[in-house]
Amino acid sequence: MVTHALLAALRARTYAEQVLEPAAFPVDQRLRAEVLRPGRALTAREAAQSEGWQPVEPGWRWGPVWSTAWFRLRGEVREGLDPGQTWLRFCSGTEALLWRDGAPTHGLDENRRRIPIDPVGAPGDAVELLIEADCNRPLGATTFFFDEAEVRRRWAEPNPGRFEGAGLCRRDPVAWRLLHAFLFVADLVEDLGDGTARGDALQAALEHVRTLVDPREPGVGAAAALDHLTGVLANGATDDAGRCFAVGHAHLDTAWLWTTAQTRRKALRTFSTALRTIEDSGSFHFLCSQPQQYAWLEEDSPQLFERVRAAVDAGRWEPLGAMWIEPDANMPSGESLCRQLEQGTRYMESRFGVSGRQRLLYLPDTFGFCASLPQLARLAGLDTFITNKLWWSETTTFPHTTFTWRGLDGSEILAHLTPGQDYNATVHPVELRRGERITAERETAGVDDWLLPYGFGDGGGGPTPEQAWRAELAADAEGLPRVDTRGTAAFCEHLHAEVAAARDAGRELPVHEGELYLELHRGTWTSQASLKQLNAFLEARLRGSEVIAALTGDEDRAATCERVQRTLLLNQFHDILPGSGTREVVEEAVDAYIEALIELDRGWKKDATRPTEVVFNPSTRAQVLCFGEEPLAGLGLTLRTGGSRAVAAGELDDLTLVTDHFRATFDEAGRVRSLVTAAGRELAIDGRPIAALRLHDDRPRRWEAWDIDPEDHARFAELDGPCTKIEPLTGGPGLVFERRLATGTVIKITWRASADGRGLGASIHCTPWKEERKLLRMAFPVAVRADHWKASIPFGFLERPLTLDTPSERARFEVPIQRWMDLSGDDAGLAVLNDSKYGASGAGDTLGLSLLRATRFPDPAADSSLPLSFRIELVPHDGPAPLAEITARAEALPWSGDPARIDVDSARRAGPFELVQVAGGGAAFVSSLRLIDGGLRLRIWEGVGAPVDVSASFPAPVRAARAVDLRGAADPRLAVELKDGRPHLRLAPFQVATLDVELDR
């Protein structure tokens, strides 16, 4: 049924289109256009001085995608233009950037076809404007299901760009404000619906405007009409109205459907546009995160960066967000998350001083958040966390907007889920009223402040002048929340004050404990396996390289590690590491990872004249690295002569491998049909072998690279047929199983025991993955009775239910893990370790690990072009899970296994280091040890959930040691005592501690 309110709104929109919109821009003078297609990158000055410009007319098509065209617009200023209200009309059918005086001035795109450009001169003066256009849309060159058919067709053609003309316009500021106020009121009328006094009054106001404005000369009555309409609108919000803080924002993915090189160009467009909006709107504030993009701006346009700095100093531009980029928050290691915060907070304060000090962790679009993040945020000096992404959950609705988020170690941070449900809001009444309604429905402590980040985003662009004006219109209007435009910092201050007042009145915020799980995008833990593996390998190699540089005193190598760290952090962005980018994005990231790994090894030369190599133990605890050798101390270096001797333990009898710790029997499919512990406990279930490969159809309903649908996850075909080749491993006890799939893909699994005989390792190698839209998983049924399973996360582990009884449990059919998972009963169990896999499951008596996908959007060749190899290790055990041992073994698995490429003499100079557990039931692990500021910085963490007293020995006696946070400030949680030249401290369960250490060398 069509409501009267809808009819009134439609009537108003028709009037606005026919009468008010032409009045907003009453003068439009056409400009001549020429185009330059240089075929290479040019600066604005180079383009202006180039020859080869060709005239073009509206309708001219151009391409291909990602190419560049320079447009030169010429004409003269004519009578009728207002020097203070001159706007440029331009559309190339793509994103574009206006350059003036060699500097980026304003972005143009499908949401910005008219932009302010004054001054242009007096009547009669010549005008020449230079525009750089890139053949892409705000969301790259990719189209989606929500795009119109014409757009999808055009962007599939060779020349999707379409020049639509250019001109100089005069804006009538009063008529323009009236136009958008009129439309805003019409939208509010529609959302209020029939039968409200407020809606009736606003409908009457719309009709009264029509009596004040003469359609033949709409500008004449515009001022009176605007006064009347805004007077009726701004009649005061009701007493129970909440407070919405509306802040300009331009979510710019550091890479997604475009490479980082394109992001740098998008940043010029977005940042210059925001600065102009700041100049033109007195109350507008702009929130902008991701220091990496500021660093690029410093390089690409120092002049624009200085304008940003000035806007920050003026309090109008808010450089907030804390992390180096907006990363994935489940797959990076705990140390990587620390570095994201360290680098981000340090950069912001170094460039913007006091205005750059961070209190807010802002991750609006990240696909879920690990349970250790509250502790890390607090260690970075942050007290507020804001996201929006949890609204995307498909099964259950997150119950809170403002709440206390309690992390794994008990740390708490004030958290806010933006109730407008969009970080790219447009400040329409439906968003404001939705946010107000959701806040009222969910808050239990009477806290009704909420944040609305608005502006076109994902591909940048940011707020339009119309959006900023709508935020002003909504400041104090009945039927809407009170809208405050003082910015994000003001929101944080006000929110904390409201929470404090609620607590004083005996009202506590709801508490959410543990991870913030997004019930969507579960496929991102598996898509693009090469990216996941390179990330894990670079994290491990960087950690080891820093340790070796610290132990050898190698300042040059420490500097190299600092440079490489930037590559690691950049490629943990939430659309790079998750594998949801295009082929070009994946290739760029793979190349960067490989170059970073090469850079870490460059300059560390082995001595070719002597058969001696350096061996490094990447685990915190002593490990046997080669069968028959003594364990090497944790993070220890040793020299080995006679070449590598990576011989596995155990004895092989047909299809049975036996060590002192287990007996494993394989079937002809390469599965473990029997796994018996040292105490004789059988872990395999009869007829259900361990480590069974399963192939699933993988056709998500919508977001292909992002999602795995539960229906596909539940159905599979087990690869239970005999392998095409079974043979003993050459060079040691073990077995090699090889099978060929119908598509020609060959999967080879090499089973062998670890050097100490405790683990049963599998190296899995796939020729290029030719399956299409297939998910490869490995299942581990275990003959134990248990209610929960455990899996590692950054700086700890979570215990998860094995039941699927509630909607929330069923939604967690795939969850993020890091390097290990374990299913144990009272008497025995099985741990499964991996080197680079992140998606897993646990249900009933079975663990599952996702290995490979074969999605076709947005990368049509995902994981199909290169061979893929990865490793797992099964650790059967008697009794409860030996969590300390499992964690220590998992530390070493992503290490490539190659000897450290460091010269022998440097290795001989390396001093010893040891982390010693003194007392307590916990277990401490080294997250990092590095040279910094002339001393050493050691970060450790407790990993099994119990307190522990620890001390550390270094290559020389310790002169001084102090506990610091991620900013380098004193950490008041920890007391460090020096005894016998060694620091001693106590760690609480899952606590992360950082020590700055001065040695007495």
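In every chain, residue numbers begin from 1 and rise along the written sequence. Owing to the predicted nature of the model, reporting of local features is limited to residues with pLDDT of at least 70; listing and counting of side-chain atom pairs is limited to 80 or more, with chain, interface and lining totals taken over all residues. Values reported for side chains reflect all heavy atoms of the structure, with hydrogen atoms and water molecules removed beforehand.

Visitor: What's the story with the overall build of the protein chain in this structure? I'm lost.
Guide: Only DSSP runs of H or I reaching four residues or more are called helices, and only runs of E reaching two or more are called strands; each is numbered from the N terminus. Broken down by element type, the protein chain carries 21 helices and 51 strands. As defined in this context, the radius of gyration uses C-alpha atoms, and a globule is described by 2.2 Å times the residue total to the power 0.38. Against the 2.2 N^0.38 benchmark of 30 Å for 1001 residues, the protein chain shows a C-alpha radius of gyration of 31 Å, consistent with a compact globule. The principal-axis extents of the C-alpha atoms in the protein chain amount to approximately 95 × 70 × 65 Å. Note on classification: 1.4 Å probe, protein chains only; a residue is buried when its accessible area is under 20% of the maximum for its type, exposed when over 50%, partly exposed between these limits. Counting the 1001 residues in the protein chain, one finds 62% classified as buried. Considering only contacts within the protein chain whose residues lie at least 6 apart along the sequence, 74% involve residues at least 24 apart. All accessible areas in this document rest on Shrake-Rupley with a 1.4 Å probe, and a residue is counted as covered only by the protein chains that are shown. Just so you have it, the protein chain exposes about 36600 Å², and 49% of that area is on carbon and sulfur atoms. Residues scored as charged are limited to Lys and Arg (positive) and Asp and Glu (negative), so that His and the chain ends carry no count. Just so you know, the charge point we use is NZ for Lys, CZ for Arg, CG for Asp and CD for Glu. Separation between the mean location of the 113 positive side-chain charges and that of the 145 negative ones in the protein chain comes to 3 Å. Contact criterion: two residues are considered in contact whenever any of their non-hydrogen atoms come within 4.5 Å of each other.

Visitor: How should I be thinking about the nonpolar core in this particular structure?
Guide: Generally speaking, a soluble globular protein has its nonpolar side chains buried in company with each other. Among the nonpolar cores identified, the biggest contains 163 residues, and Trp317 and Phe780 are the most heavily contacted of them. Ranked by the residues each element gives to this core, the list is headed by helix H4 (residues 173-192), at 12 residues. Leave out the neighbours within four places in its chain, and phenylalanine 780 touches Ile690, Ala691, Met821, Val832, Asp845, Thr846, Leu847, Gly848, Leu849, Ile872 and Leu874. Core analysis: the second largest hydrophobic core is formed by 47 residues, Cys338, Leu363, Leu883 and Ala884 among them. Only buried residues count toward a nonpolar core, which is a set of Ala, Val, Leu, Ile, Met, Phe, Trp, Tyr and Cys residues joined through side-chain atoms within 4.5 Å.

Visitor: Even after reading the chapter, I still don't get the environment of alanine 783, so can you show me in this structure?
Guide: The residue alanine 783 is located in the loop between strand S35 (774-781) and strand S36 (788-793) in this model. Residue classification places alanine 783 among the partly exposed positions, given a relative accessible area of 24%. Between the alpha carbons of alanine 783 and leucine 683 there is a distance of 4.9 Å; along the sequence they are 100 residues apart. Ignoring anything within four residues of it in the chain, the contact list for alanine 783 reads Arg681, Glu682, Leu683, Ala684 and Ile685.

Visitor: Looking at this structure, how should I read the side chain of threonine 273?
Guide: The topology assignment puts threonine 273 in helix H7 (residues 260-280). In this structure threonine 273 comes out as buried when scored by relative accessible area, which is 2%. Each residue touching threonine 273, except ones within four places of it in the same chain, is listed here: His106, Gly107, Arg112, Gly461 and Pro463.

Visitor: How should the sheet that holds strand S29 (residues 692-697) be read in this particular structure?
Guide: Hydrogen bonds between backbone atoms are what pair the strands of a sheet, whose relative direction is either parallel or antiparallel. Between any two strands, at least two bridges found by DSSP are needed for them to pair. Here we have six strands laid out as an open sheet, ordered S30-S29-S35-S42-S41-S38, and antiparallel in their pairing. Of all the strands in the sheet, the pair left with one neighbour each is strand S30 (717-718) and strand S38 (815-816). Pairing analysis gives two bridges linking S29 to S30, with the strands arranged antiparallel. From the neighbouring strand, arginine 694 faces S30, where its bridge partner is glutamate 718.

Visitor: What am I meant to see in the pairing of strand S43 (residues 868-878) here?
Guide: The side chains of a regular strand alternate, first on one face of the sheet and then on the other. Within S43, eight of the 11 residues are buried, which leaves it mostly tucked inside the rest of the structure. Looking at chain direction, strand S40 (residues 828-834) and S43 are connected through seven bridges and run antiparallel. Note that in S43 the partner of alanine 828 across the bridge is aspartate 878.

Visitor: Is there a simple way to think about the packing of H4 against helix H5 (residues 197-212) in this case?
Guide: Two quantities define a packed helix pair, namely the angle between the helix axes and the distance between the axes. Orientation is described by lines fitted to C-alpha atoms, with helices fitted over the stretch in contact, and by angles between N-to-C directions that extend from 0 to 180 degrees. In contact at an axis separation of 9 Å, H4 and H5 are set at 150 degrees when each is read in the N-to-C sense. By the angle class used here, H4 and H5 are roughly antiparallel. The chirality of how H4 crosses H5 is left-handed. Along the contact surface, H4 presents Leu178, Phe182, Val185, Ala186, Leu188, Val189 and Leu192, while H5 presents Arg198, Gly199, Leu202, Gln203, Leu206 and Val209. Just so you know the grouping, Ala, Val, Leu, Ile, Met, Phe, Trp, Tyr, Cys and Pro go in nonpolar, Asp, Glu, Lys and Arg go in charged, and all remaining residues, Gly too, go in polar. For the contact of H4 with H5, the residue count by class is 10 nonpolar, two polar and one charged. Just so you know how the angles are binned, under 35 degrees is roughly parallel, over 145 roughly antiparallel, 65 to 115 roughly perpendicular, and the rest oblique. The handedness criterion is simple: a crossing whose near helix is rotated anticlockwise from the far helix by less than a right angle is left-handed, and one whose near helix is rotated clockwise is right-handed.

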